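Each chain is listed here by its residues.
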Amino acid sequence: MPQKCQTCSKAFKLITQELAFYKRMGLPLPTNCPDCRHQRRLSLRNERQFYKYLCAKCGQSMVTTVNPDKGMIVYCLKCYEEFRSQVDLTKVV
Ligand SMILES: [Zn+2]
Ligand SMILES: [Zn+2]
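Keep in mind the model is a prediction, meaning the values are calculated, not measured.

## Here we look at the overall build of the protein chain
So, point 1. Counting its secondary structure elements, the protein chain contains 3 helices and 4 strands.
So, point 2. For the protein chain, the succession of helices and strands along the chain, N to C, is β-β-α-α-β-β-α.
So, point 3. Within the protein chain, the proportion of its 93 residues that are buried is 1%.
So, point 4. In the protein chain, the proportion of contacts linking residues at least 24 apart, taken out of those at least 6 apart, comes to 20%.

Here it is as structure tokens:
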């Protein structure tokens with residue numbers, strides 16, 4: 001059965017494999033045509049933000065795509081490795 005795109009109102013059809021995929025994954029059927037879905041994916045990628053934060057230990061600034069929570073203690077890779085090597089992971093469960 002043809003779907004109507006919520007963005008451009010164009011009618012589009014989901015192919016059988018797609019229908020089966022969404023059904024198997026328990027996902028709602030897409031409400032946008034393949035073109036608009038493609039556009040949306042592109043814009044989502046472009047909107048990806050970069051966040052700058054400072055290592056809590058050495059103060060080196062880093063860039064991440066994940067927004068660090070307020071008050072979260074972050075370490076740079078070097079300090080994190082150092083921190084990990086000092087902690088006996090077998091005792092932390
Ligand atoms: Zn569309
Ligand atoms: Zn550091």
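## Some remarks on the pairing of strand β3 (residues 51-54)
So, point 1. Bridge count between β3 and strand β4 (residues 61-64): 4 bridges; the pairing is antiparallel. Paired with L54 across the two strands is S61, which belongs to β4.
So, point 2. Counting the residues between successive antiparallel strands, the hairpin from β3 to β4 contains 6 residues, one of them, G59, with a positive phi of roughly 75°.

## With respect to unusual backbone geometry
So, point 1. Unusually for a residue other than glycine, S9 sits at a positive phi of about 65°.
So, point 2. Considering the arrangement of structural elements, one finds S9 in the loop between β1 (3-4) and β2 (11-12).
So, point 3. Since 8 C-beta atoms lie within 10 Å of it, S9 is described here as exposed.

## A few points about the confidence of the model for the protein chain
So, point 1. Per-residue pLDDT for the protein chain averages 84, and the proportion of residues at 70 or more is 89%.
So, point 2. The secondary structure element of the protein chain with the lowest average pLDDT is helix α2 (residues 34-46), at 83, and the one with the highest is β2, at 94.

## Let's talk about helix α1 (residues 16-25)
So, point 1. Of all the 10 residues making up α1, 0 are buried; the element is thus mostly uncovered.
So, point 2. Directly beyond the C-terminal end of α1, a positive phi value near 70° is found at G26.

## Description of the environment of G59
So, point 1. Turning to its location among the elements, G59 is positioned in the loop between β3 and β4.
So, point 2. G59 gets classed as exposed once you count the C-beta atoms within 10 Å, which come to 9.
So, point 3. Each C-alpha atom, one on G59 and one on Y75, is 8.6 Å from the other, the two residues being 16 residues apart in sequence.

The rules behind each value
- Residues numbered from 1 in each chain as written.
- Chains lettered and ligands numbered in written order.
- Predicted model: local features only at pLDDT ≥ 70, side-chain atom pairs only at ≥ 80, totals over all residues.
- Helix = DSSP H or I, 4+ residues; strand = E, 2+ residues; numbered from the N terminus.
- Buried ≥ 20, exposed ≤ 12 C-beta atoms within 10 Å, placed from the backbone.
- Contact = placed C-beta atoms within 7 Å.
- Pairing = 2+ DSSP bridges.
- pLDDT = per-residue confidence, 0-100.

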